[in-house]
Amino acid sequence: MPIEYLKETPSQTGGPYVHIGTMPAFAGLEIRQDEQQHVIPGPGERVKLVGVVWDGSGHPVRDAMLELWQADSAGRHNAPDFSGWGRAAASSETGEWEFDTIRPGTVAWRDGKPQAPHVSLLIFARGINIHLHTRLYFPEDEAALAADPVLRAVEQTGRRATLVAQRVEGGEVPTYRFDIRLQGEGETVFFDM
Amino acid sequence: MSHTTLPAGGGSNFGPGSGGDVIKRDRSLHAPAFTPGYKTSVLRSPRFALVSLEPGPGENAGPKFDAKILAPLENDLIRNYAKSGEAVGERIIVFGKVLDETGRPVRNTLIEIWQANAGGRYRHKNDAYLAALDPNFGGAGRCMSDDDGNYFFRTIRPGPYPWRNHGSDWRPAHIHFSLFGDAFAQRLVSQLYFEGDPLVPLCPILATLPDKDAQDRLVAKLDMKMSVPFDSLAYRFDIVLRGRRQTFFETKPEGH
């Protein structure tokens, strides 16, 4: 028999009312009303990330809650002046979510080689039993994208594009659109890391 | 940018508590994505396999939350939304320890909870269940685990409520919870149930889990010794997050 370890507590869906505990003002509670968890302040070039989570029938997942985790502009996690973490709720009407953050720098992979700049995203929603983990990369970084060890681990090369956001024209700051498809044509790549 | 200017690969190198890689998640302990008994999962479940990789520096690190963000009553849901008096319902303490798979306490980690009121109604703009809102109950709580991984909340036992799945299925009484650990890869959101609730074996969401053992690990146990006389019953609920592999030998990244 292998050595026994404690077993990880099983995940369950965050449910449709996930906002009560995570973004209470969005749920309608009269507490923490000044919180702007989708805005991640810090030094660096401001960028806006927008998108919709789509279900397998092409409808927006309007109860989704997303969490973002990223390095600062110098490629550091837990830098003193940048939390690197944020949360956004999909709009209850359109399903659109938005983060207002800084462009991440380059972080080394396990072998010391650079990864292309990216943010990590977790998706929580009713019907999602264990949160889904994906990454948003930036389309301008062509050479870095081609060399990125995580993208290269996606065997079906045609699926790698699901992880690259699209630059949107206009906007006060560079804006990127990242649609997440849970199922069906163009299904987004999700990771187990 | 040359490779040698980048932070080292593998484990996070920022601050105490960071060590080796987070251990691979044992997916057999969790529900699969596609669980047709829970109908909403049908269109929200990826069909392709997850892409499995060892965690990198970003996944081995994680957001840090300062206890200073917490207001004094945030772990007391009986009083943290009080307007004219205390929340209505069966008064309970929910407490336990946060450990990782290797048995190490998970210290100073943020725990968030949310729940329905005693009538089974959520204070959420989208909940239209006919049970009344309690003006003195919000249903949101937060705390940090202490230096030994211990945490506790005071709340009221949430009510069961009906939902559209197979036509008025009923959710057992449950409290949602969310933990961060100290690595992005340790993130966990789940639900806590109560020992002896006859709705537990009937719940399609609990039934998404692979076996009875996994389901039992989400059931809080009545603890009479920790119950507060003439005040509150106590339920014990320990939480286990992914662990970290010990670093036995350091493999230096290229260029170092």
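Right above here is the structure, for reference.
Residues numbered from 1 in each chain as written. Chains lettered and ligands numbered in written order. Predicted model: local features only at pLDDT ≥ 70, side-chain atom pairs only at ≥ 80, totals over all residues. Heavy atoms only, no water.

Enquirer: Whenever I open this one, the nonpolar core confuses me. Can you help?
Expert: Across soluble globular proteins, you tend to see nonpolar side chains buried next to one another. Judged by nonpolar contacts, the single largest core of 38 residues is most densely connected at B:Ile111, B:Tyr151, B:Phe177, B:Leu192, B:Phe237 and B:Ile239. Every element with two or more residues in this core is listed here: strand S2 (91–100), strand S3 (110–114), strand S5 (150–156), strand S8 (174–179), strand S9 (188–194), strand S10 (219–222) and strand S12 (239–241) of chain B. Of all the elements, S9(B) adds the most residues to this core, at 4 residues. Contacts of B:Tyr151, omitting those with residues within four sequence positions, involve B:Val94, B:Phe95, B:Gly96, B:Lys97, B:Val98, B:Ile111, B:Cys143, B:Ser145, B:Phe237 and B:Ile239. Counting 28 residues, the second-largest nonpolar core is a separate cluster that includes A:Ile40, A:Leu66, A:Ala125 and A:Phe138. (Core = buried A, V, L, I, M, F, W, Y, C linked by side-chain atoms within 4.5 Å. Buried < 20%, exposed > 50% of the residue type's maximum accessible area, 1.4 Å probe, protein only. Helix = DSSP H or I, 4+ residues; strand = E, 2+ residues; numbered from the N terminus. Contact = heavy atoms within 4.5 Å.)

Enquirer: Explanation requested: the environment of B:Pro162 in the structure shown.
Expert: Residue and element names in this part refer to chain B. Mapped onto the secondary structure, proline 162 falls in strand S6 (residues 161–163). Residues proline 162 and tyrosine 129 lie 33 residues apart in sequence; the distance between their C-alpha atoms is 8.2 Å. Discounting residues that sit within four places of it in the chain, proline 162 has contacts with Tyr129, Ser168, Asp169 and Trp170.

Enquirer: Quick question: what am I supposed to make of the sheet that holds strand S5 (residues 118–124) of chain A here?
Expert: Hydrogen bonds between backbone atoms are what pair the strands of a sheet, whose relative direction is either parallel or antiparallel. All names here are of chain A. Strand order in the open sheet formed by 4 strands is S3-S2-S5-S6, and the pairing between neighbours is antiparallel. In the strand order of this sheet, the two ends are held by strand S3 (85–89) and strand S6 (132–137), each with one partner. Each strand axis lies, on average, 25° off the axis of its neighbour in the sheet, ignoring direction. In the sheet, strand S2 (residues 65–69) pairs with S3 via 5 bridges, with the strands oriented antiparallel. Along S3, the bridge assignment pairs tryptophan 69 with tryptophan 85. (Pairing = 2+ DSSP bridges. Axes fitted to C-alpha atoms, helices over the stretch in contact; angles between N-to-C directions.)

Enquirer: I keep staring at the packing of aromatic side chains and nothing clicks. Help me out?
Expert: Each aromatic ring pair is summarised here by two numbers: the centre-to-centre distance and the angle between the ring planes. Enumeration according to the criterion identifies 11 aromatic pairs over all chains in this entry. Ring geometry for A:Trp85 against B:Phe180: centres 5.4 Å apart, planes inclined by 85°, an arrangement best described as edge-to-face. With A:Trp85 in strand S3 and B:Phe180 in the loop between S8 and S9, the pair connects residues from two separate chains. Neither A:Trp85 nor B:Phe180 differs from the other in exposure class; each is buried. Here A:Phe138 and A:Tyr176 contribute two aromatic rings whose centre-to-centre distance is 5.0 Å and whose plane-to-plane angle is 85°, an arrangement assigned as edge-to-face. Linking A:Phe138 in the loop between S6 and helix H3 (142–147) with A:Tyr176 in strand S8 (residues 175–177), this pair joins segments that are 38 residues apart in sequence. (Phe/Tyr/Trp six-rings, centres within 6.5 Å; stacked < 30°, edge-to-face > 60°.)

Enquirer: Would you mind going over the pairing of strand S11 (residues 233–236) of chain B with me for this structure?
Expert: Every other side chain in a regular strand lies on the same face of the sheet, so the side chains alternate between the two faces. Pairing analysis gives 4 bridges linking S2(B) to S11(B), with the strands arranged parallel. By the bridge assignment, B:Phe95 is partnered in S11(B) with B:Arg236.

Enquirer: Explanation requested: the pairing of S10(B) in the structure shown.
Expert: Residues and elements named next belong to chain B. Where S9 and S10 come together, 2 bridges link them in parallel fashion. Paired with phenylalanine 194 across the two strands is alanine 220, which belongs to S10. Pairing geometry for S10 and S11, over 2 bridges, is antiparallel. Paired with lysine 221 across the strands is arginine 236, a residue of S11.

Enquirer: In this structure, what is going on with the pattern of salt bridges? I would like to understand it.
Expert: Where charged atoms from two side chains of opposite charge come close, those side chains can pair. Residue and element names in this part refer to chain B. Under the criterion given, the structure shown has 34 salt bridges over all chains. In this structure, aspartate 231 and arginine 91 form a salt bridge, with 3.0 Å as the shortest nitrogen-oxygen distance. Of this pair, aspartate 231 sits in the loop between S10 and S11 while arginine 91 sits in strand S2, and the two are 140 residues apart along the sequence. Taking the relative accessible area as the measure of exposure, aspartate 231 reaches 31% and is therefore partly exposed. (Salt bridge = Lys/Arg side-chain N within 4 Å of Asp/Glu carboxyl O.)

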